[in-house]
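Structural overview
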Amino acid sequence: MRLLMRWVINAAALFVAALIVPGITITDQDGWVAVFVMAAVFGLVNAFIRPILTLLSCPLVLLTLGLFTLVINAFCLSLSSWIAQNWFGAGFVVSGFFPALIGGIVVSIVSFLLSTFLADEDERKPRRD
(Lines give C-alpha, C1' and ligand atoms only; values in the text may rest on other atoms or scores of the structure.)
Protein backbone atom coordinates (compact mmCIF):
# COMPACT_ATOMS: atom_id res chain seq x y z
CA MET A 1 0.00 0.00 0.00
CA ARG A 2 2.85 2.36 0.86
CA LEU A 3 4.50 1.80 -2.54
CA LEU A 4 1.26 2.60 -4.35
CA MET A 5 0.83 5.75 -2.27
CA ARG A 6 4.39 6.90 -3.07
CA TRP A 7 3.74 6.26 -6.77
CA VAL A 8 0.57 8.37 -6.75
CA ILE A 9 2.30 11.14 -4.78
CA ASN A 10 5.19 11.20 -7.26
CA ALA A 11 2.72 11.28 -10.16
CA ALA A 12 0.86 14.22 -8.62
CA ALA A 13 4.12 16.07 -7.94
CA LEU A 14 5.30 15.52 -11.51
CA PHE A 15 1.95 16.72 -12.84
CA VAL A 16 2.21 19.90 -10.76
CA ALA A 17 5.75 20.43 -12.04
CA ALA A 18 4.50 20.06 -15.62
CA LEU A 19 1.82 22.68 -14.93
CA ILE A 20 4.08 25.20 -13.21
CA VAL A 21 7.54 24.90 -14.77
CA PRO A 22 8.05 26.13 -18.33
CA GLY A 23 10.17 23.57 -20.14
CA ILE A 24 8.46 20.54 -18.61
CA THR A 25 5.62 19.40 -20.85
CA ILE A 26 3.36 16.44 -21.31
CA THR A 27 3.15 15.75 -25.04
CA ASP A 28 1.22 12.49 -24.92
CA GLN A 29 -2.46 12.35 -25.90
CA ASP A 30 -3.22 10.38 -22.76
CA GLY A 31 -1.36 12.59 -20.30
CA TRP A 32 -2.06 10.63 -17.13
CA VAL A 33 -0.50 7.48 -18.57
CA ALA A 34 2.64 9.48 -19.38
CA VAL A 35 2.69 10.94 -15.87
CA PHE A 36 2.28 7.55 -14.19
CA VAL A 37 4.96 5.96 -16.40
CA MET A 38 7.25 8.86 -15.60
CA ALA A 39 6.48 8.50 -11.88
CA ALA A 40 7.43 4.82 -11.98
CA VAL A 41 10.67 5.53 -13.85
CA PHE A 42 11.44 8.46 -11.54
CA GLY A 43 10.93 6.24 -8.50
CA LEU A 44 13.28 3.60 -9.88
CA VAL A 45 15.94 6.16 -10.78
CA ASN A 46 15.68 7.68 -7.30
CA ALA A 47 15.92 4.23 -5.71
CA PHE A 48 18.89 2.88 -7.66
CA ILE A 49 20.86 5.64 -9.38
CA ARG A 50 20.50 8.60 -7.03
CA PRO A 51 22.26 6.93 -4.05
CA ILE A 52 25.20 6.05 -6.29
CA LEU A 53 25.41 9.62 -7.57
CA THR A 54 25.17 11.01 -4.06
CA LEU A 55 27.92 8.71 -2.85
CA LEU A 56 30.22 9.54 -5.76
CA SER A 57 29.64 13.28 -5.39
CA CYS A 58 29.89 13.33 -1.60
CA PRO A 59 32.84 15.78 -1.59
CA LEU A 60 30.88 18.23 -3.76
CA VAL A 61 27.80 17.87 -1.58
CA LEU A 62 29.88 18.62 1.50
CA LEU A 63 31.76 21.46 -0.17
CA THR A 64 28.53 23.19 -1.28
CA LEU A 65 26.78 22.46 2.04
CA GLY A 66 24.22 20.24 0.33
CA LEU A 67 23.33 22.49 -2.60
CA PHE A 68 24.85 20.04 -5.08
CA THR A 69 21.96 17.74 -4.17
CA LEU A 70 19.76 20.03 -6.29
CA VAL A 71 21.97 19.27 -9.28
CA ILE A 72 21.65 15.54 -8.56
CA ASN A 73 17.85 15.94 -8.41
CA ALA A 74 17.88 17.77 -11.74
CA PHE A 75 20.00 15.06 -13.33
CA CYS A 76 17.69 12.32 -12.00
CA LEU A 77 14.63 14.14 -13.36
CA SER A 78 16.27 14.59 -16.77
CA LEU A 79 17.43 10.98 -16.86
CA SER A 80 13.96 9.76 -15.88
CA SER A 81 12.41 11.83 -18.64
CA TRP A 82 14.87 10.46 -21.18
CA ILE A 83 14.22 6.85 -20.10
CA ALA A 84 10.43 7.36 -20.09
CA GLN A 85 10.52 8.84 -23.59
CA ASN A 86 12.99 6.52 -25.27
CA TRP A 87 12.27 3.19 -23.59
CA PHE A 88 8.55 3.45 -22.85
CA GLY A 89 7.32 6.07 -25.31
CA ALA A 90 5.84 8.29 -22.60
CA GLY A 91 5.39 11.91 -23.60
CA PHE A 92 6.87 13.59 -20.54
CA VAL A 93 9.55 16.02 -21.74
CA VAL A 94 12.07 17.90 -19.63
CA SER A 95 13.86 20.25 -21.99
CA GLY A 96 17.08 21.44 -20.42
CA PHE A 97 18.98 21.80 -17.19
CA PHE A 98 17.17 24.79 -15.68
CA PRO A 99 13.67 23.35 -16.17
CA ALA A 100 15.00 20.14 -14.59
CA LEU A 101 16.50 22.10 -11.69
CA ILE A 102 13.31 24.04 -11.00
CA GLY A 103 11.21 20.95 -11.65
CA GLY A 104 13.25 18.96 -9.15
CA ILE A 105 12.62 21.62 -6.52
CA VAL A 106 8.88 21.69 -7.29
CA VAL A 107 8.63 17.88 -7.23
CA SER A 108 10.46 17.76 -3.89
CA ILE A 109 8.23 20.39 -2.29
CA VAL A 110 4.96 18.96 -3.60
CA SER A 111 5.85 15.37 -2.72
CA PHE A 112 6.92 16.46 0.78
CA LEU A 113 3.64 18.32 1.33
CA LEU A 114 1.52 15.47 -0.03
CA SER A 115 3.44 12.92 2.03
CA THR A 116 2.85 15.01 5.13
CA PHE A 117 -0.88 15.31 4.58
CA LEU A 118 -1.49 11.83 3.18
CA ALA A 119 0.53 9.78 5.65
CA ASP A 120 -0.78 6.33 6.52
CA GLU A 121 -2.30 5.70 9.92
CA ASP A 122 0.54 3.26 10.61
CA GLU A 123 3.10 6.01 10.02
CA ARG A 124 1.35 8.43 12.38
CA LYS A 125 1.32 6.07 15.32
CA PRO A 126 4.41 6.15 17.51
CA ARG A 127 6.34 2.90 17.50
CA ARG A 128 6.88 0.95 20.66
CA ASP A 129 10.28 -0.64 20.45
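Relevant structure appears above.
What counts and how
- Residues numbered from 1 in each chain as written.
- Predicted model: local features only at pLDDT ≥ 70, side-chain atom pairs only at ≥ 80, totals over all residues.
- Heavy atoms only, no water.
- Patch = residues over 30% accessible without salt bridge, like charges linked within 9 Å, V, L, I, M, F, W, Y side chains within 5 Å.
- Areas by Shrake-Rupley, 256 points an atom, 1.4 Å probe, with all protein chains shown as cover.
- Salt bridge = Lys/Arg side-chain N within 4 Å of Asp/Glu carboxyl O.
- Helix = DSSP H or I, 4+ residues; strand = E, 2+ residues; numbered from the N terminus.
- Polar contact = N/O pair within 3.5 Å; in protein donor to acceptor, adjacent residues only side chain to side chain.
- Contact = heavy atoms within 4.5 Å.
- Axes fitted to C-alpha atoms, helices over the stretch in contact; angles between N-to-C directions.
- Parallel < 35°, antiparallel > 145°, perpendicular 65-115°, else oblique.
- Nonpolar A, V, L, I, M, F, W, Y, C, P; charged D, E, K, R; others polar.
- Left-handed = near helix turned anticlockwise from the far one by under 90°.

What follows covers a nonpolar patch on the surface. On the surface, a nonpolar cluster with roughly 780 Å² of combined accessible area is contributed by Leu67, Leu70, Ile105, Ile109, Phe112, Leu113, Phe117 and Leu118. For the nonpolar patch, the element with the highest residue contribution is helix α5 (residues 97-117), accounting for five residues. Structurally, Leu67 is set in the loop between α3 (58-63) and α4 (68-88).

So, about the side chain of Ser80. Following the sequence through the fold, Ser80 ends up in helix α4. For Ser80, the side chain forms a polar contact with the main-chain oxygen of Cys76, separated by 2.7 Å. In this structure Ser80 touches Met38, Val41, Phe42 and Val45, once residues within four positions along its chain are discounted.

Viewed as axis vectors pointing N to C, α4 and α5 meet at an angle of 105°, and their least axial separation amounts to 8 Å. By the angle between their axes, α4 is roughly perpendicular relative to α5. In this structure, α4 contributes Leu70, Val71, Asn73, Ala74, Leu77 and Ser78 to the contact, and α5 contributes Phe97, Ala100, Leu101, Gly103, Gly104, Ile105 and Ser108. Residues that form the contact of α4 with α5 fall into these classes: eight nonpolar, five polar and no charged.

Once that is clear, we can look at the packing of helix α2 (residues 31-56) against α4. Their axes nearest at 9 Å, the elements α2 and α4 cross at an angle of 135°. With respect to α4, the element α2 is oriented oblique. Taken as a pair, α2 and α4 cross one another with a handedness that is right-handed. Contact with α2, carried on its side by Val37, Met38, Val41, Phe42, Val45, Asn46, Ile49, Arg50, Leu53 and Thr54, involves Thr69, Ile72, Asn73, Phe75, Cys76, Leu77, Leu79, Ser80, Ser81, Ile83, Ala84 and Phe88 of α4 and no other residues of that element. Looking at the contact of α2 with α4, its residues break down into 15 nonpolar, six polar and one charged.

Turning to the environment of Gly103, a few remarks are in order. Counting through the fold element by element, Gly103 comes out in helix α5. Measuring from C-alpha to C-alpha, the distance between Gly103 and Phe15 comes to 10 Å, with 88 residues separating the pair along the chain. In contact with Gly103, other than residues within four places in its own chain, are Ala17, Val21, Ile24 and Leu77.

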